[in-house]
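So you can see what is in the structure, the chains are spelled out below.
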Amino acid sequence: MFQKPIILLFTLILLSSNVNAPALMYSVSSGSITFSSDAPLELIKASSNQLKGIFNADKKEFAFTLNVNSFKGFNSPLQQEHFNENYLESNKYPRASFEGKIIEDIDLKKNGSYNIRAKGNLTVHGVTQERILKCELSIKNKVVSIKSNFTVLLADHNITIPKVVHEKLASEIKVEVKADMIEK
Amino acid sequence: MKCLKLIFLFYVLTAATQIFAQDSTASLLSILEKEMEQNKDVTFYTTATFKTTRLINGHSVENVGKGVLDVKVSHRFGNISEGFYELFGLDKASMRAGFDYGITKNIMIGVGRSTFQKTYDGFIKVKILQQSRGKKNMPITLSYIPTIALKTIHYEDPKIDNHFRSRLSYSHQLIIGRKFSDNTSLQLMPVFIHQNLVTLARESNDIFAIGIGGRQKISKRVSLNAEYYYVLPGTRLNGTNNSLSLGFDIETGGHVFQLHFTNSQGMNERTFIADTKGRWDKGDIYFGFNISRVFTIGKKN
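Residues numbered from 1 in each chain as written. Chains lettered and ligands numbered in written order. Predicted model: local features only at pLDDT ≥ 70, side-chain atom pairs only at ≥ 80, totals over all residues. Heavy atoms only, no water.

Draft legend 1. Here's a closer look at the domain arrangement of chain B. What the domain assignment reports for chain B is domain 1 (2-39) and domain 2 (44-296). Put simply, the middle of domain 1 of chain B and the middle of domain 2 of chain B, counted by C-alpha atoms, are 60 Å apart. (Domains from an automatic or database assignment.)

Draft legend 2. Region of interest: helix α2 (residues 28-38) of chain B. Residues and elements named next belong to chain B. For α2, the set of buried residues is L28, L29, L32 and M36. Burial along α2 is one-sided: seen end-on, the buried residues are contained in an arc of 95°. Turned more than 90 degrees from where α2 packs its buried face, K34, E37 and Q38 sit exposed. The opening residue of α2, the one whose side-chain oxygen lies 3.3 Å from the backbone nitrogen of L29, is S27. (Buried < 20%, exposed > 50% of the residue type's maximum accessible area, 1.4 Å probe, protein only. Helix = DSSP H or I, 4+ residues; strand = E, 2+ residues; numbered from the N terminus. Arc of directions from axis to C-beta. Polar contact = N/O pair within 3.5 Å; in protein donor to acceptor, adjacent residues only side chain to side chain.)

Draft legend 3. Unusual backbone geometry, seen in detail. In this structure, E89 of chain A takes a positive phi of about 45° despite not being glycine. Tracing the backbone through its elements, the reader meets E89 of chain A in the loop between α2 (77-87) and β6 (95-102). Located in the positive-phi region is Q117 of chain B, a residue other than glycine, with phi close to 60°. Inspection of the secondary structure puts Q117 of chain B in the loop between β4 (107-114) and β5 (119-129).

Draft legend 4. Geometry of the pattern of salt bridges. The tally for this structure, following the rule as stated, stands at 17 salt bridges over all chains. The salt bridge involving K179 of chain B is made with E85 of chain A; its shortest N-O contact spans 3.3 Å. In this pair, K179 of chain B is assigned in strand β8 (residues 168-179) and E85 of chain A in helix α2, connecting two distinct chains. Of the residues examined, K179 of chain B reaches a relative accessible area of 8% and is grouped as buried. D100 of chain B is paired through a salt bridge with R54 of chain B; the nearest N and O atoms lie 2.8 Å apart. Remark: R54 of chain B occurs in the loop between β1 (43-45) and β2 (68-79) and D100 of chain B occurs in strand β3 (residues 93-102); sequence separation between them is 46 residues. Looking at R54 of chain B, the relative accessible area reads 8%, which means it is buried. Three or more residues are tied together by salt bridges with common partners; here these are E85 of chain A together with K179, R215 and K217 of chain B. (Salt bridge = Lys/Arg side-chain N within 4 Å of Asp/Glu carboxyl O.)

Following this line, the structure appears as C-alpha cells:
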C-alpha cells in the first residue's frame, strides 16, 4: 500500500505547478497609428487612435491590433471609402495586427529608456509577414511608452495598385505607432 | 485498488485542465480580439453600398461626402434599332449636365439641365437611416429625395393661355437599400410623381411607381447594375412603359463611368419613370453613359 502516498505526491506536484503566479501584464491605455503614402502626385495621410494592445512582461510577449476601418484623415471621403473597399478590404480583413516577442531584456520596474527590437508577425490585409521592428521604449512612473517607425510594402501584403493611380500612391507606406501602456 | 483508479483519473483530469490553461494563455492576440469582439461601444457604418449616387437613371442610396462636388455628365443616344445609318443611335445624343454637392455627410443637393424638353431639375437627398452594425444595429439605409423639374421648351401652342406652373413637375422618392455582402446590394424605391399638366384630360396628374434595383460586383472596380420602375396601372400615362435599365459601373480613382442600355431617354425622375416611351421587346433600346468626377472643395472630413 505504499504506492498510494507516491501517487498522492505526484498529484500534489501537478496541482502546485498549475497554480501560477499572475503574470505582469500591461495594456494600451492610449495608442495611435499614423500612416502616410508619399507619392509623386499625392501625399495621403490617415491615422487611428483605436490601437489596442497587451504585453506580458514575464514572457516578453506582446500583441497589438486595430480595426482597419477606424483610420481617419485622407484627402477626401471617397479616398477613405476606396481605402476600405478596394485596398485594405476592411470588411473581409477587419483587423491589422502585430504579435510577437521582444528580443532584449528590460527591467520595467525602473525608469529609463531603451532601443529595442520586436520580432513577430505583422498581419495586414490578411497576409502575415515576419518582421523585426525597431522600437523606442521608455518607462516613467510605471507607464511604458513605445514609439516605432517602420515601413510596409503594399506588395508584401497582396495589396495591388492599379496603373492609373501609380503616381498617386506610394508602394512603400510609412507607419508610425505610438502607445502608452499601463499595468493591467 | 479502487482508490488508486480514482486517483489516476484525477491525475489525468488535472493534466488535461493544465493543457487547456496553457492553450488559453498561448495567444495574446486571441485574448485581445475576444476583448474587441465583446466591445459594443463602436458602431460600424456600412459604406460603398453603390459606387456612386446614381444606380443607372435613378438615385442610389449613396450620398457624396461632405464638401465634395460631383460633376455628372450623362448621355443617352438614339434608338439602337435605327441601325447603321444613325450608327445605332449614336448620331442622336440627348444629354444632362449636373452638379451635386454634399452639404453634410447625410444631406446633398444637386441641379442639372437636360436637353430633353430643355429641362432644369433640382433635388435634395437626405439620408435618414444608415446601415450599421455594432453598438447601433441598423439593417437598412433609408433616403428621401424630393425633386423639382422645370421644362423650358416653347409652349406647344403659344396662342392659348399658357401658365408657368404647367411647366413644373415634382417627385418624392424613398429609397430603402441594403448592402447584403461586399458584392451584392439591393434597393427598393417607392416614388410619387406629380405633374401640373398632363396631355389628356383622362390622364392622372399623380403617378405612383415602385422601383427595384441592385448591383453585383464582378471585380473590385466593376459592377453590374440593374434598375426597374413599375408604374402602378391606374396612374400610367397613355403610351408609356415601365423603365428597365441594365448597365456597368467602372470605377477608376475619382471617376466612375456608368455604361448602360435602357428603354428610357429622359434623365430626371419625371421623364424616365413616368414618360418612358421605348419598349425593350420592340428594340427601342438606348445606349447611354454617365460620367462622374468628384472634387473635394470643402474642408477635409
